[in-house]
Amino acid sequence: MLYIKAAFTILSMWLVVRSNWLHNLFAGSDPFNWFIGAIGTAAVVGAVVRIIL
Amino acid sequence: MRDRFPIDIDGLDEETIRLLNEIRGKDDTDTGAGIPRDLSKVKVSEAVDLIRLLRTASEFGKDPPSQSNIVARQLFATLNERVAQVSPDLPRLLEQEACLAGARDAARDQYIEFLKERSRLGKPLVYLGASLLIYLACLVVKPIVVVAIGTLMSLSAFWRSSLCRTARAAFYVRLAETLESSRRGIHKP
């Protein structure tokens, strides 16, 4: 059960980081800006999912 | 390949006959049937279409030019010369059009390559690795701390993003206009 929860949390974070929508939202002159934004959002989503689970 | 408009030359390959059929024939506007084209009385618009067709047909890659390539090149040069006599700027404009079409195709190829690159194994691994690291951070630190750090990271990234910068610039312009109009309103006699 623990592994399923871990897999679900990581999968949700991975989907967030891969999202094109976030890429467009955080795109800027700095090429890594979108990645920082996406990682930050994934951290929030991952932590929230972990709290809920 | 049957020769729609027979020509008295032997030794033409299928590709060349197909090319000559396209050049020497056209579709009748009323019936839609193929009729011979009088190449001695070609309109400029028709010649432009033929030049576009011949430009594509004259292109060849690493292999030596085929018979149809050679024929297309000769016809292309002749037609270009004739068109230049009527409208001197037209060949240059057609050349620019072909360059733009080439640039468009190259950009499309680059984009396809970019999409392929994105779907490769490397980048998903980076994303998955980042997700795994965040998950481990969630285990070590309290999730609420991770939420706080993540929120700070996303907000700072959003503040620096083009979208937010554009919105801010638009807001500043609107604010300046409002202040300017209110200042005029105050100073109005």
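What you are looking at is a predicted structure, and each value in this text was computed from that prediction instead of being measured.

Trainee: What exactly am I supposed to notice about the packing of helix α2 (residues 44-57) of chain B against helix α3 (residues 67-86) of chain B here?
Mentor: Any two packed helices are characterised by how steeply their axes cross, that is the angle between the axes, and by the distance between the axes. Residue and element names in this part refer to chain B. Running from amino to carboxyl end, α2 crosses α3 at an angle of 150°, the nearest separation of the two axes being 9 Å. As the angle between them shows, α2 and α3 are arranged roughly antiparallel. As for how α2 packs across α3, the hand of that crossing is left-handed. For the pair formed by α2 and α3, the contact residues are V44, A47, L50, I51, L54, R55 and A57 on the first element and S68, N69, A72, L75, F76, L79, N80, V83 and V86 on the second. Split by residue class, the contact of α2 with α3 holds 12 nonpolar, 3 polar and 1 charged.

Trainee: Got a minute to help me understand the pattern of salt bridges in this structure?
Mentor: Any two side chains of opposite charge can pair, on the condition that their charged atoms come close. Residues and elements named next belong to chain B. Applying the stated criterion to the full structure yields 9 salt bridges over all chains. Close ionic contact of D49 with R52 constitutes a salt bridge, the shortest N to O distance being 3.5 Å. Of this pair, D49 and R52 both sit in helix α2, 3 residues apart, which is roughly one turn of the helix. For D105, the salt bridge identified is with R108, shortest N-O distance 4.0 Å. With D105 and R108 both in helix α4 (residues 90-118) and 3 residues apart, this pair spans about one turn of that helix. For D105, a relative accessible area of 33% corresponds to the partly exposed category.

Trainee: Looking at this structure, I do not really get the packing of aromatic side chains. What am I missing?
Mentor: To describe a pair of aromatic rings, you give the distance between the ring centres and the angle between the ring planes. Applying the stated criterion across every chain yields a total of 3 aromatic pairs over all chains. Plain terms: the ring middles of A:F26 and B:F158 are 6.5 Å apart, the flat faces sit at 85° to each other, and that makes the pair edge-to-face. Remark: B:F158 occurs in helix α6 (residues 143-160) and A:F26 occurs in helix α2 (residues 20-26); the pair is interchain, linking two chains. You can call B:F158 partly exposed: its relative accessible area is 29%. Ring centres of B:F171 and B:Y172 lie 6.1 Å apart, and the angle between their planes is 55°; this geometry places the pair in the tilted category.

Trainee: I tried to follow the interface of chain A and chain B on my own but got confused; where do I start?
Mentor: A common way to report how large an interface is uses the accessible area buried once the components associate. Each partner contributes to the interface: chain A provides 28 residues, whereas chain B provides 26 residues. Roughly 2500 Å² is buried in total at the junction of chain A and chain B, and carbon and sulfur atoms are behind 71% of that figure. When the area that chain A buries against chain B is broken down by residue, the three leading residues are A:I10, A:R18 and A:R50, summing to 21%. The interface formed by chain A and chain B holds 0 salt bridges in total. Between chain A and chain B we count 6 residue pairs in polar contact (both at pLDDT 80 or more) in total. Residue assignment for the side of chain A that touches chain B shows that the elements contributing at least two residues are α1 (2-17), α2 and α3 (33-52) of chain A.

Trainee: Looking at this model, I keep getting lost on the side chain of B:R37. Mind explaining?
Mentor: All names here are of chain B. Along the chain, the position of R37 falls in the loop between β2 (34-36) and α2. Reaching out from R37, the side chain makes a polar contact with the backbone oxygen of G25 at a distance of 3.1 Å. If sequence neighbours within four positions are ignored, R37 has contacts with E22, I23, R24, G25, K26, V42, E46 and L50.

Trainee: Even after reading the chapter, I still don't get the environment of B:L19, so can you show me in this structure?
Mentor: All names here are of chain B. Structurally, L19 can be placed in helix α1 (residues 14-24). Look at L19 and you get buried, because its relative accessible area is 7%. Distance in space between the C-alpha atoms of L19 and A72 is 7.9 Å, their sequence separation being 53 residues. Not counting chain neighbours up to four residues away, the residues in contact with L19 comprise L54, A57, S68, V71 and A72.

Rules of the game
- Position numbers for residues count from 1 along each chain, tracking the sequence in the order it is written.
- Here every chain gets a letter starting at A, and every ligand a number starting at 1, in the order they are written.
- Owing to the predicted nature of the model, reporting of local features is limited to residues with pLDDT of at least 70; listing and counting of side-chain atom pairs is limited to 80 or more, with chain, interface and lining totals taken over all residues.
- As a rule here, side-chain values come from all non-hydrogen atoms in the structure, and water together with hydrogens is ignored.
- Fitted lines through C-alpha atoms give the axes, limited to the stretch in contact for helices. The angle between two N-to-C directions lies from 0 to 180 degrees.
- Every helix listed is a DSSP run of H or I at least four residues long, and every strand listed is a run of E at least two residues long, numbered separately from the N terminus.
- For classification, angles of less than 35 degrees are called roughly parallel, those exceeding 145 degrees roughly antiparallel, those between 65 and 115 degrees roughly perpendicular, and all remaining angles oblique.
- Left-handed describes a crossing whose near helix is turned anticlockwise from the far helix by less than a right angle; the clockwise case is right-handed.
- Throughout, a residue-residue contact means that at least one pair of heavy atoms, one from each residue, lies within 4.5 Å.
- Ten residues, namely Ala, Val, Leu, Ile, Met, Phe, Trp, Tyr, Cys and Pro, are considered nonpolar, four, namely Asp, Glu, Lys and Arg, are considered charged, and the remaining ones, Gly among them, are considered polar.
- A pairing counts as a salt bridge when a side-chain nitrogen of Lys or Arg comes within 4 Å of a carboxyl oxygen of Asp or Glu.
- Each residue is placed in one exposure class: buried if its accessible area under a 1.4 Å probe, protein chains only, is under 20% of its type's maximum, exposed if it is over 50%, and partly exposed if it falls in between.
- Only centres within 6.5 Å qualify two rings of Phe, Tyr or Trp (six-membered ring in Trp) as a pair; their planes then separate them into stacked at under 30 degrees, edge-to-face at over 60, and tilted for everything else.
- What gets called buried area is simply the loss in accessible area from a 1.4 Å probe that two parts show on being joined, summed for both.
- Under the rule applied, a polar contact is a pair of N or O atoms within 3.5 Å (in protein, one hydrogen donor and one hydrogen acceptor; residues adjacent in sequence only if both atoms are side-chain atoms).

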